[in-house]
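# What the coordinates show
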Amino acid sequence: MSDLGKIDRDFFDEYVYPNLGAERDDVTLGPQHGVDFGVVDLGEQVAAMATDPVFVMPSLGFERAAWFAIHILLSDVAVSGLAPTHLSVDLNMPAEITDEQFATLWETFDREATEFGVSIVTGHTGRYAGCNYPMIGGGTAISVGDAEDLVRPNGARPGDKVIVTKGPAIEATGLMSIQFESLMRGDLDDGVIADAKDRFYDMSPIRDALTAAAAGPVSAMHDATEGGVHGGLFEMARAAGVGIEIERDRVPVQPGVLEACEYFGIDPWISISEGTLLAAVAPAGVDDVLAALESEGIPAAEVGEVTDGSGLTVDREPVDHPGRDPFWGAFEEYMGKLQAEE
């Protein structure tokens, strides 16, 4: 396992899946590769749970970095259709973080949690030798809600329509254009760079997911993180044992994305796209979901449908899961270029 980024399915199946502790009847959805959250039955209610790294890039500025970090933590449970309710946070911080920097980080966590009605209920905080940015801990988000309101990640059904918000490479574009703006200057138009940087605050699918679920009926939702739009759609199809067919030209593409991805030498369709919601929606609910998303100012389109087949088909051609996301290699390459320039 030498590649950077999430483990692949083979590694998961060999090492993770066979070793999951005690079996409990109240776990109604356990770990699966490419699935965002697990579910515990509480009786009339359920708890959807998801754990992610605390990802903080100081070069973004601590307020902006903290905004992204907490949205990452809350995103995976939001695609359950249940609003996030509780959060546990472990911060294993580098020794060099200052009290002022920590205050900015934690006050931002508090602000965003309050906005979404989330209570931070427990955690751990400390400075430690050997801890380095950007992965400085982890957190578990929980959504408690009525069982009937849960949108299962494996719920896509043949005949459903596929809706995509925002489009490809939102996170790859937003992060890299801010981190490497100085390298882009002179090669890309200032307006293109500004558009690419504007993708930063698109990097959250929370409003997308909760808006879509409320408008419904929604059968399944997934956040297009590592592996991008193609990877996310493939995972959604695999989880449900169905096929998904889309037409690429129908997928919305935000300003600055294609130009930034070409500059960094990455394929936007398989590059990390935190903030892009993939949803399978019953045909009768498509217009309502699209109208609700539009009312929130979220770009979205119906791009295809769920079929009786298997895997992902793009423009009538089968597309496999991309495996390793090109973002990580490009980020490492351009970080080296930035350090050489400095």
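Heads up: the structure comes first, above all this text.
Residues numbered from 1 in each chain as written. Predicted model: local features only at pLDDT ≥ 70, side-chain atom pairs only at ≥ 80, totals over all residues. Heavy atoms only, no water.

## Brief notes about helix H2 (residues 62-78)
Let me state the cut-off plainly: A run of H or I in DSSP counts as a helix once it spans at least four residues, and a run of E counts as a strand once it spans at least two, with each numbered from the N terminus. Under the convention used throughout, the expected extent of a helix is 1.5 Å for every residue step, that is, one less than its residue count. The term bend refers to the angle at a residue between two fitted axes, each drawn through seven residues, those ending there and those starting there. Burial status follows relative accessibility: with a 1.4 Å probe on protein chains alone, a residue under 20% of its type maximum counts as buried, one over 50% as exposed, and anything between as partly exposed.
Between its first and last C-alpha, H2 extends 24 Å over 17 residues, near the 24 Å set by a 1.5 Å rise per residue. The largest bend along H2 reaches roughly 30° and is located at Ile-72. For H2, a buried count of 15 out of 17 residues is recorded, marking the element as mostly surrounded by other parts of the structure.

## Here's the deal with the nonpolar core
Let me state the cut-off plainly: Nonpolar cores were defined as sets of buried Ala, Val, Leu, Ile, Met, Phe, Trp, Tyr and Cys residues, with membership established by side-chain atoms within 4.5 Å.
In this structure, Val-54, Phe-109, Leu-175 and Met-221 are the most contacted members of the largest nonpolar core, which totals 81 residues. Top element by residues in this core is H2. It accounts for 12 residues. In terms of nonpolar packing, the next biggest core, distinct from the first, is built from 22 residues, Ala-220, Leu-233, Ile-244 and Trp-269 among them.

## A look at the pairing of strand S7 (residues 161-165)
Let me state the cut-off plainly: Think of it this way: DSSP has to see at least two bridges between two strands before they count as a pair.
In terms of residue burial, S7 counts as a mostly covered element, since four of its five residues are buried. Bridge count between S7 and strand S10 (residues 277-281): four bridges; the pairing is antiparallel. Bridge assignment links Lys-161 to a residue of S10, and that residue is Val-281. The sheet contact formed by S7 and strand S11 (residues 300-307) spans five bridges and is antiparallel.

## As for the pattern of salt bridges
Which entries qualify depends on this criterion: Should a side-chain nitrogen of Lys or Arg be within 4 Å of a carboxyl oxygen of Asp or Glu, the pair is scored as a salt bridge.
The tally for this structure, following the rule as stated, stands at 15 salt bridges. One salt bridge in this structure joins Glu-112 and Arg-111, with 2.9 Å as the shortest N-O distance. Residue classification places Glu-112 among the buried positions, given a relative accessible area of 5%. Judged by its relative accessible area of 37%, Arg-111 is partly exposed.

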